[in-house]
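Close look at the chain arrangement
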Amino acid sequence: MLSPGRTLASRPPLLLLLLLLLLRTGSCQYSSDQCSWKGSGLTHEGHTRDVEQVYLRCSQGSLEWLYPTGAIIVNLRPNTVSPAAARLSVCIKPSEESSGTNVYLDRNGKLRLLLREQDQAQGKVQCFSIQEGALFIEAVPHTDISRRITAFQYELVSERLGAGAQSPSAPCQPCSDAEMLLAVCTNDFVARGNIKKVEQEEDHSSVTVEISRLYRQKTQVFVSGGVRVRSWTGRIKMPVHCGVRSGGGDFLFTGTVRFGEAWMGCAPRYKDFLRLYHEAQQHGNNPCQLDTD
């Protein structure tokens, strides 16, 4: 037979049980880390004017807000004290199922509309300078919120590759010699190949390329033709007014990867790049080395 002391010790205190229950309930309403956030408007039920602060500190991540009510302010603050952080742009890509909110830029209490609820389903990338403020995401009143979910991915990019890089009106001027040499060192992909096909889509061109030499790719945007075949294929996007055509010999393709899609940067003819690279090599001006053999 257990002693009274032993019996009391074996029973969890009622206060502890209530605390555990509250923690379990709260964890079902939202989850977050420094890169991504997932929450539920049900935590605002009965307090539809509540505003919650969210902090995201990574170079990329996602947000998912179920059954939105009230509003949330999303502060994108990278974990760096470098002056370069002030020159970053933020790009967001809404899910095609995203709905239930309007998205604004909030700078010192002044709001600028970025995305209306009805525009989010298009899934188009929107970019803005990190200096323009936080994201203010406000729920649109609906009698039934059970099917409303606001969801998007975000990426932080340098301003040079930010707001204009994926715009249909982005400029198409050739890269300077210095930009070309730097692109080989810093871009998300560098590859030698030729243009097989060009397809015009709604607001951009989709360029199908065949790669004979793959120097670097951040993610697998170019797919191998097989173990015994030393070639890769993939698609690169660029503004439709750039007038790219198939054929034309070998090029050096460089560019950035945004939300899993390759976007064209500098793309000189390979023989022109080779001449420039060897001249810079002779003068010791190459910012990095590339195996051109």
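Okay, so let's go over this structure. Along each chain, residues carry numbers from 1 onward, in the same order as the chain's sequence is written. Owing to the predicted nature of the model, reporting of local features is limited to residues with pLDDT of at least 70; listing and counting of side-chain atom pairs is limited to 80 or more, with chain, interface and lining totals taken over all residues. In computing side-chain values, all of the structure's heavy atoms are included and hydrogens and water are not.

Regarding the nonpolar core
Formed by 24 residues in total, the largest nonpolar core has its most connected members in Leu63, Val74, Ile92, Leu135 and Ile137. Helix and strand assignments come from DSSP, with helices taken as H or I runs of at least 4 residues and strands as E runs of at least 2, each series counted from the N terminus. Counting only elements with at least two residues in this core, the list comes to strand S3 (51–56), strand S4 (60–66), strand S5 (71–76), strand S6 (88–94), strand S7 (101–107), strand S8 (110–115), strand S10 (134–139) and strand S11 (149–158). What we call a nonpolar core is a set of buried Ala, Val, Leu, Ile, Met, Phe, Trp, Tyr and Cys residues that are connected through their side-chain atoms within 4.5 Å. Remark: exposure states derive from per-residue accessible area (1.4 Å probe, protein chains only) relative to the maximum for the residue type, with buried under 20%, exposed over 50%, and partly exposed in between.

As for the sheet that holds S8
Spatial strand order, S3-S5-S10-S7-S8: 5 strands in an open sheet with mixed pairing. Of all strands in the sheet, those with a lone pairing partner are S3 and S8, marking the two edges. For this sheet, the mean angle separating the axes of adjacent strands, direction not counted, is 30 degrees. When DSSP finds at least two bridges between two strands, those strands are taken to pair. The pairing of S3 with S5 spans 6 bridges and is parallel. Within S5, the position partnered with valine 51 by the bridge is alanine 71. Axis angles are defined between N-to-C directions and span 0 to 180 degrees, where every axis is a line fitted to C-alpha atoms and, for a helix, only to the segment in contact.

Section: helix H4 (residues 270–283)
Between the first and last C-alpha of H4 there are 20 Å, a value that for 14 residues agrees with the 20 Å anticipated at 1.5 Å per step. The set of residues buried in H4 consists of Tyr270, Phe273, Leu276, Tyr277 and Ala280. Each buried residue of H4 lies within a common arc of 125 degrees when the element is viewed along its axis, so the set occupies one face. Opposite the buried face of H4, at more than 90 degrees from it, the exposed residues are Lys271, Gln282 and His283. The elements touched by buried residues of H4 are helix H3 (177–186), strand S12 (189–200), strand S13 (205–217) and strand S16 (251–258). Positive backbone phi, at 70 degrees, marks glycine 284, one or two positions downstream of H4. Between the first and last residue of a helix there are one fewer steps than residues, each counted as 1.5 Å, and that sum is the expected span. The arc in question is the one spanned by the directions pointing from the helix axis to the C-beta atoms. Here, residues are in contact when the closest pair of their heavy atoms is within 4.5 Å.

So, the state of the cysteines
Cysteine sulfur atoms are paired as a disulfide whenever they come within 2.5 Å of each other. Going through the model one piece at a time under the given rule, you end up with 4 disulfides. Residue pairing for cysteine 91: its cysteine sulfur links by disulfide to cysteine 127, the two sulfurs lying 2.1 Å apart. Looking along the S-S bond of the cysteine 91-cysteine 127 disulfide, the torsion reads about 105 degrees, which is the right-handed sense. With a gap of 36 residues between them, cysteine 91 in strand S6 and cysteine 127 in strand S9 (residues 126–129) connect regions that are remote in the sequence. The pair formed by cysteine 91 and cysteine 127 is uniform in burial state, with each residue classed as buried.

A few points about the environment of leucine 56
Following the sequence through the fold, leucine 56 ends up in strand S3. Leucine 56 sits 19 residues away from tryptophan 37 along the chain, and the two C-alpha atoms are 7.8 Å apart. In contact with leucine 56, not counting residues within four places along its chain, are Asp33, Gln34, Cys35, Ser36, Trp37, Val74, Asn75, Leu76, Arg77 and Tyr154.

Notes on the packing of aromatic side chains
Working definition: rings of Phe, Tyr and Trp (its six-membered ring) pair if their centres are within 6.5 Å, and the pair is stacked with planes under 30 degrees apart, edge-to-face with planes over 60 apart, and tilted otherwise. Per the counting criterion, the structure on display carries 5 aromatic pairs. Centre to centre, the rings of tyrosine 270 and phenylalanine 273 are 6.4 Å apart; their planes meet at 40 degrees, and the pair counts as tilted. Of the two residues, tyrosine 270 and phenylalanine 273 both sit in helix H4, 3 residues apart, roughly one turn of that helix. Members of the aromatic cluster, connected to one another through ring pairs, are Tyr270, Phe273 and Tyr277.

Quick look at the environment of arginine 147
Mapped onto the fold, arginine 147 is located in the loop between S10 and S11. Taking relative accessible area as the criterion, arginine 147 reaches 74% and is therefore assigned exposed. Arginine 147 sits 79 residues away from proline 68 along the chain, and the two C-alpha atoms are 9.8 Å apart.

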